[in-house]
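# Structural overview for review
Spelled out from the first residue to the last, the chains are:
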Amino acid sequence: MEGVEITLAPWAAHRLLGASMAELTDTVVEASSVLGRRVEHLTDELSQKPAASARFRALDRTLLQWMAAAPASCKADVGVLRAWQLLHRSSGTITIRQLAEQVQYSTRHLEGLFRRQIGVSPKRLARVIRLNRAIHRLSRGNSLVDTALSCGYYDQPHLANEFKTMTGTTPGRFLGDAADGPSRLSAPSGPASGLNASRLGRFERYIIPHPDFH
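We now examine unusual backbone geometry. Not every positive phi belongs to a glycine, and S91 is a case in point at roughly 55°. In this structure, Q104 is a non-glycine residue whose phi angle is positive, near 60°. Take Q104: it is sitting in the loop between α6 (96–103) and α7 (107–117).

Structure, rendered in structure tokens:
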């Protein structure tokens, strides 16, 4: 397998792809189906550059051009960005009502924007953030009881039930599988966008460094 993986923040993917992120959440699609033939031209250009630094410069130039050409309607909403920050700063414990009040939106308006620009509702994102924090604490040896209380769950059964709902397994089995094989210490985080290009010699990961993409 040869290629390049590009990791974008959800709202950057929304702007670049020009599509509702809710339509792409929990799916895998061909890059050309959302970016068109231009992705083939980019693939060809990257395949002709032997050095990673040259490929990354080409990606910067091309993606910034595509971003500049995106419709204004796809630009990230400032309230969504603020809500994203608040969710992460609170480790997913802020209520959606408090979140809406902080960004001065109605809960319905905020949820609609989140589904379009992030791909999931604020509530689902909060659950993912909170569970990821719990996974991190459990992987460091904290008990289920201590982890549940420190991460905002009512009690240990509440954490266990949420864990099973979101990962399909129990905390013990999840951590055991991670210890026996490749690292899995992360809950599903919602939408992601990748662009695969063949003939690049190896599979590389590219994190967009430009502020418009974060």
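We are not done yet, so read on.
To continue, consider the pattern of salt bridges. If charged atoms from side chains of opposite charge come close, those side chains can pair. Summed over the entire model, instances satisfying the criterion amount to 5 salt bridges. Note that R37 is salt-bridged to E40, the shortest N-O span being 3.0 Å. Among the ionic pairs, E101 bridges to R97, the shortest N-O distance being 3.7 Å. In this pair, E101 and R97 both sit in helix α6, 4 residues apart, roughly one turn of the helix. E101 sits in the exposed class, given a relative accessible area of 53%.

For the rest of this paragraph, the subject is the nonpolar core. Within soluble globular proteins, side chains that are nonpolar generally end up buried alongside one another. By size, the foremost hydrophobic cluster in this structure holds 39 residues, and its most contacted members are L87, L99 and F114. Discounting residues that sit within four places of it in the chain, F114 has contacts with V80, A83, W84, L87, G119, V120, S121, P122 and L125.

Below, the discussion takes up the confidence of the model for the chain. Here the chain averages 83 in pLDDT, while 82% of its residues score no lower than 70. Element-level pLDDT for the chain is lowest in strand β2 (residues 203–207), with a mean of 44, against a maximum mean of 97 in α6. Throughout residues 182–214 the model reports pLDDT below 50, and contacts reaching past four residues in sequence, or to other chains, amount to 107 contacts.

So, about the packing of α6 against α7. Across the interface, α6 lies against α7 with an axial gap of 9 Å and an inter-helix angle of 90°. Considering their axes alone, α6 and α7 lie roughly perpendicular with respect to each other. Only T107, L110 and E111 of α7 make contact with α6, whose side of the interface consists of I96, R97, L99, A100 and V103. For the contact of α6 with α7, a count of residues per class yields 5 nonpolar, 1 polar and 2 charged.

What counts and what doesn't
Residues numbered from 1 in each chain as written. Predicted model: local features only at pLDDT ≥ 70, side-chain atom pairs only at ≥ 80, totals over all residues. Heavy atoms only, no water. Helix = DSSP H or I, 4+ residues; strand = E, 2+ residues; numbered from the N terminus. Salt bridge = Lys/Arg side-chain N within 4 Å of Asp/Glu carboxyl O. Buried < 20%, exposed > 50% of the residue type's maximum accessible area, 1.4 Å probe, protein only. Core = buried A, V, L, I, M, F, W, Y, C linked by side-chain atoms within 4.5 Å. Contact = heavy atoms within 4.5 Å. pLDDT = per-residue confidence, 0-100. Axes fitted to C-alpha atoms, helices over the stretch in contact; angles between N-to-C directions. Parallel < 35°, antiparallel > 145°, perpendicular 65-115°, else oblique. Nonpolar A, V, L, I, M, F, W, Y, C, P; charged D, E, K, R; others polar.

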